[in-house]
Amino acid sequence: MDLALPGLAHLHVLVDAAGAIRSAHATMSGGACAPVEDGGAPLDALVREAMRVCPGPGGGRVADDRVGLWRVERYDTAQGAALVLVRTNAVTDRLEDLGLPEAVCRMLEELGGPARRGLVLVLGDMNAGKSTLAATLLKRWLVRHGGIAFAWADPPEHDLDGPVGTGCCISVNIAAEQYGDAVVAARRSRARYFYFGEPRLDPAILAVVQASLSGPVCLSTAHGAGLIPGLIAFSAAAARVDSRAYEQLASGLAAAFHVRVESGVRRSRLVVTEHLVLGQGHGDTGRSHIRAGNLGQLGNLIRPLRAA
C-alpha cells in the first residue's frame, strides 16, 4: 500500500512483543476500512519509528518525507501493542485551499486583527478538520497581521514551529496538564496569539478559558457534535475546576465555529456549518446567556454558514 495514497486517513496496526507487525488496517477519509495486505518497507519503517517515538502508552508524532506528519497513539495489549496512526496533511496560510467560501475566509481572518482579543473556538467531531482549520487560520493571521504566536498541542498535529510570513510561531511540546503553567510563563512574551491543540483535561480547558482574558487572541479546538453541545461540554469541563468559569468564558469568548468535512467527487472540502460571533459589550445577549450558564439559549444567535 502507498502510504501517500490520497484519502488515506488512519492506520491501525497490531505489533507483537518483538516489534513485528501482526496486522494492519487502513481507514479512508470516507470511512471505508480494509486490511493492508502488503505495506512493504514503508509501513515497516513507519511502525519502527512510531514504536521508537512511543516506547510506552501515550502519544507522539512521526515525520514522513512524502506524507508529512503522522499523529501516533500507542496502547499496550496482551500480545504487544496497538498503534493508531493518523495522517495530518501539511497546512498553508490559504484558507481558500480548504474549500471555504470567501465570506467565511474573510470573517475568520478578521478575528485575528490587531484590535481583536479573546477566544476563537473551533468545534467538531473526530476527523472533522478542526485542527487543520485552526492551524491554517493561525498561519493566515501571522501572514496577514504578523506578530508572535505560541502553540501548544499534546501531541502536536501540525508543524507550526518557525517563521510564518512576517511573524513567527513558537511551538512548545508539553503535556496537556501543563497548559496552565505554560500560559503563565508565555504571558511575559508579548505574544499576539496563543494556539491550543484540543485540550481534553478539565484543568487544560480552564487554562484556555483563562488565557483568553489576558490579552492575546486565543485559538483552540474542542470536540463537539454541534456548536451548542460543544460549547456546553467545554464550559462544563472548565466549571468542574473553577465555579467562575462561566463568568470567565462569557468575558473571553470571541467566536465559535462548528466544522465538518464534506466529501466531493474530486476532493473533500471543509464546511463551517454554524457560527457564533459575540459582541464586545458586557451586556451582549450571548455573553449574558453564558454568564448565567444557559448556553442552550444561544441557539437563537447561532447562524448557519454553509451557504455563505
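Quick look at the structure, then. Computed from a predicted structure; not experimentally measured.

Inspection of the secondary structure puts S131 in helix α3 (residues 130–145). Apart from residues lying up to four places away in sequence, S131 is in contact with E157, H158, Y195 and T221.

Attention shifts here to the packing of helix α4 (residues 179–186) against helix α5 (residues 202–211). At a minimum axis distance of 8 Å, the contact between α4 and α5 shows a crossing angle of 25 degrees. One way to sum up the angle between α4 and α5 is to call them roughly parallel. The segment α4 lies against α5, with Y179, G180 and V183 engaging A204, A207 and A211. Residue classes in the contact of α4 with α5 are distributed as five nonpolar, one polar and no charged.

With that settled, consider the pairing of strand β13 (residues 253–262). Counting buried positions along β13 gives eight out of ten residues, so the element sits mostly inside the fold. Where strand β7 (residues 118–124) lies against β13, five bridges are found, and the strand directions are parallel. Residue V120 lies in a different strand from β13, and its bridge partner there is A255. With eight bridges connecting them, β13 and strand β14 (residues 269–277) associate as antiparallel partners. Its bridge partner being in β14, R260 is matched across the sheet by V271.

Looking at the element boundaries, A128 is found in the loop between β7 and α3. For the pair A128 and I232, spaced 104 residues apart in the sequence, the C-alpha separation amounts to 19 Å. For A128, the contacting residues outside a window of four places in its chain are V259, R260, V261 and L270.

This part is about helix α6 (residues 227–239). For α6, built from 13 residues, the straight-helix expectation of 18 Å at 1.5 Å per residue is met to within 8% by its first-to-last C-alpha distance of 18 Å. When we look at burial in α6, the residues that qualify are L227, I228, G230, L231, F234, S235, A237 and A238. On its buried face, α6 is in contact with β7, α5, β12 (217–223), α7 (245–252), β13 and β14.

What follows covers the pattern of salt bridges. Charged atoms that come close allow side chains of opposite charge to pair. Within this structure, the stated rule accounts for 13 salt bridges. In this structure, D76 engages R74 in a salt bridge whose closest nitrogen and oxygen atoms are separated by 3.2 Å. Here the residues in one salt-bridge network are D93, E109, R140 and R144, joined through shared partners.

Before going further, it helps to spend a moment on the packing of aromatic side chains. The geometry of an aromatic ring pair is captured by two quantities: the separation of the ring centres and the angle between the planes. For the coordinates displayed, the defined rule picks out six aromatic pairs. Ring centres of W141 and Y193 lie 5.2 Å apart, and the angle between their planes is 25 degrees; this geometry places the pair in the stacked category. One end of the pair, W141, is in helix α3; the other, Y193, is in strand β11 (residues 193–196), with 52 residues separating them in the sequence. Residue W141 is classed as buried on the basis of its relative accessible area of 0%. A relative accessible area of 0% means that Y193 is categorised as buried.

This model, assessed by the stated rule, comprises three cavities of 30 Å³ or more. Of the pockets and cavities examined, the largest cavity occupies roughly 90 Å³. Surrounding the largest cavity, 13 residues form its lining, A153, P156, E157, H158 and Y195 being those nearest its centre. Taken together, the residues of the lining of the largest cavity break down into seven nonpolar, five polar and one charged.

Rules and cut-offs
- Residues numbered from 1 in each chain as written.
- Predicted model: local features only at pLDDT ≥ 70, side-chain atom pairs only at ≥ 80, totals over all residues.
- Heavy atoms only, no water.
- Helix = DSSP H or I, 4+ residues; strand = E, 2+ residues; numbered from the N terminus.
- Contact = heavy atoms within 4.5 Å.
- Axes fitted to C-alpha atoms, helices over the stretch in contact; angles between N-to-C directions.
- Parallel < 35°, antiparallel > 145°, perpendicular 65-115°, else oblique.
- Nonpolar A, V, L, I, M, F, W, Y, C, P; charged D, E, K, R; others polar.
- Buried < 20%, exposed > 50% of the residue type's maximum accessible area, 1.4 Å probe, protein only.
- Pairing = 2+ DSSP bridges.
- Expected span 1.5 Å × (residues − 1).
- Salt bridge = Lys/Arg side-chain N within 4 Å of Asp/Glu carboxyl O.
- Phe/Tyr/Trp six-rings, centres within 6.5 Å; stacked < 30°, edge-to-face > 60°.
- 1 Å grid on protein atoms, 1.4 Å probe; cavity = no way out; pocket = protein on both sides within 12 Å on 5 of 7 lines; lining within 4 Å.
- Points joined across faces, edges and corners; volume = space filled by probe spheres on them.

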